[in-house]
Amino acid sequence: MICDIEKAKALDFLKSFNLEMDEIEDTNSLAYRITDTYYINTVNSYLNEIKLYKSEIDKYISPEYNLFLNLYFYLDDKKQINNIYDYFKELESITKYEFKKLVFSNFNIGFNDYNNQDDYSIVESVNTDSRGKWNLLSMIQSTSKTLIDIRKLLEKLYPIFNRYEDVLIERSKDKMQSIIKMIKEQPKRFYRDMLDEYVSSKLIDSIDFEDTEHYVIYMNAHLFISEVFGNKRILATGIYLPEYFKYKNINDLFNNERRQQVMKSLADPSRFKILTLIHSGVNSNKKIAEVLGITPAGVSYQTNQLTSVELLKHQSSDIETKLIVNTKLIEDVFNYILSDFGIYRI
């Protein structure tokens, strides 16, 4: 299921409090090169505006946890959150028992581990600084007040976020539609192409994409979120993420030597003609030789060279093994060239 915009906004908002802009602001980074300057300025303006509330936000956000987001995942699994206002409404329904369990789960402390211990002893065992420990202790000892404070803080901040988010959504409609189309038509291929380097194909193949909530997020445009909470699996994709991984994979693939080998093969008229003939269905060395006016042995030499740089690859079936053109590699080559001129396509 692909979540509607209001539901996606809720997750995007709650995640926006630990946005990392360092890589985007590095003008030499790939993230910066593929990112619209307007997006960077919009997000920076949002972050500057919410700095006024930094001391309050820092009570609930740290490198170890994002309490706002954890509460969302919990409530969405329990009661189905459709927008941020559902989230505000349900916050105060969380019991002290549930709240403690959520808080300590961020530090991999199982509930049974601390069930019979006092709050102070458990907080002391948490791997965070003294200020963080004090905040945690205050939160769990005054759960009702903490949840009211969180609701009031987020109710003040959401209109600020929403103003900037709506601008990003309006400017990103084409990217959004492209991502949604890919998720609907070929979800396994979409996630595998992005995450191949980080997640095993076996894991991706095991996911029931029909029973997964898919989010497209805008403010956190370079982030991918994968979360299993209770009975729900959540996959959230930032609008720039497909481009980022596409061009990251291309950049990783083409070191200077390999790029030169591939380009040299494509620039050779005979090898290029062989590629076009094979792609059109001609797989006989004899027929290719007749077209090119060379010997079959010469064709074998050329196809071996094309195979060595992976422009040709073998495809096996029960009936035969034949050569096919690696069209993805050719597409990647030309996308790599376009990226040198600042042209990026999904």
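Residues numbered from 1 in each chain as written. Predicted model: local features only at pLDDT ≥ 70, side-chain atom pairs only at ≥ 80, totals over all residues. Heavy atoms only, no water.

(A) Focus on the overall build of the protein chain. Of regular secondary structure, the protein chain possesses 21 helices and five strands. Burial statistics for the protein chain: of 346 residues in total, 47% are counted as buried. With the model as given, the accessible surface of the protein chain reaches about 18300 Å², and the carbon-plus-sulfur share is 48%. (Helix = DSSP H or I, 4+ residues; strand = E, 2+ residues; numbered from the N terminus. Buried < 20%, exposed > 50% of the residue type's maximum accessible area, 1.4 Å probe, protein only. Areas by Shrake-Rupley, 256 points an atom, 1.4 Å probe, with all protein chains shown as cover.)

(B) Region of interest: the packing of aromatic side chains. For the structure shown, the criterion picks out 16 aromatic pairs. With centroids separated by 5.9 Å and ring planes inclined at 65°, the aromatic side chains of Tyr 72 and Phe 73 adopt a geometry described as edge-to-face. Using a relative accessible area of 0% as the deciding quantity, one classes Tyr 72 as buried. Phe 73 gets classed as buried once you look at its relative accessible area, which sits at 2%. Relative to Phe 88, the ring of Tyr 85 has its centre 6.0 Å away and its plane inclined at 80°; by these criteria the two rings are edge-to-face. Taken together, the positions of Tyr 85 and Phe 88, both in helix α7 (residues 84-91) and three residues apart, correspond to about one turn of that helix. With relative accessibility at 6%, the residue Phe 88 sits in the buried group. (Phe/Tyr/Trp six-rings, centres within 6.5 Å; stacked < 30°, edge-to-face > 60°.)

(C) Structural detail: the nonpolar core. Ranked by internal contacts, the top residues of the largest apolar core, which has 77 residues, are Leu 11, Phe 13, Phe 17, Tyr 46, Phe 68, Leu 71 and Tyr 87. Broken down by element, this core gets its largest block of residues, eleven residues, from helix α12 (residues 143-171). Beyond its immediate chain neighbours, meaning those up to four positions away, Phe 17 contacts Tyr 46, Ile 50, Ile 57, Ile 61, Phe 68, Leu 154 and Leu 157. Judged by nonpolar contacts, the second largest core, of 17 residues, contains Leu 266, Ile 274, Val 309 and Leu 329. (Core = buried A, V, L, I, M, F, W, Y, C linked by side-chain atoms within 4.5 Å. Contact = heavy atoms within 4.5 Å.)

(D) Just the confidence of the model for the protein chain, in detail. Chain-level statistics for the protein chain give a pLDDT mean of 81 and a share of 80% at 70 or above. Within the protein chain, the element-level pLDDT minimum falls on helix α9 (residues 111-114), averaging 53, and the maximum on α7, averaging 94. (pLDDT = per-residue confidence, 0-100.)

(E) Just the side chain of Gln 302, in detail. Here Gln 302 lies in helix α20 (residues 296-308). According to the relative accessible area criterion, Gln 302 is buried, its value standing at 14%. Apart from residues lying up to four places away in sequence, Gln 302 is in contact with Ser 270, Arg 271 and Ile 274.

(F) Layout of the packing of helix α6 (residues 67-79) against helix α8 (residues 96-105). Where α6 meets α8, the axes come as close as 10 Å, and the angle between the chain directions of the two elements is 125°. Considering the angle they form, α6 stands oblique to α8. The two elements α6 and α8 cross, and the hand of that crossing is right-handed. For the pair α6 and α8, contact is made by Leu 67, Asn 70, Leu 71, Tyr 74 and Lys 78 and by Glu 98, Phe 99, Leu 102 and Val 103, respectively. (Axes fitted to C-alpha atoms, helices over the stretch in contact; angles between N-to-C directions. Parallel < 35°, antiparallel > 145°, perpendicular 65-115°, else oblique. Left-handed = near helix turned anticlockwise from the far one by under 90°.)

(G) Structural context of the packing of helix α1 (residues 5-15) against α6. For the pair α1 and α6, interaxial distance at closest approach is 8 Å and the crossing angle is 150°. One way to sum up the angle between α1 and α6 is to call them roughly antiparallel. Of the two possible hands of crossing, α1 and α6 adopt the one that is left-handed. Of the residues in α6, those touching α1 at Lys 7, Ala 10, Leu 11, Leu 14 and Lys 15 are Phe 68, Leu 69, Tyr 72, Phe 73 and Asp 76. Taken together, the residues of the contact of α1 with α6 break down into seven nonpolar, no polar and three charged. (Nonpolar A, V, L, I, M, F, W, Y, C, P; charged D, E, K, R; others polar.)

(H) Focus on the pairing of strand β5 (residues 321-325). Pairing of strand β4 (residues 312-316) with β5, which is carried by five bridges, proceeds in the antiparallel orientation. Looking at β5, one finds that Ser 316 is bridged to Thr 321. Counting the residues that bridge the hairpin from β4 to β5 gives four residues. (Pairing = 2+ DSSP bridges.)

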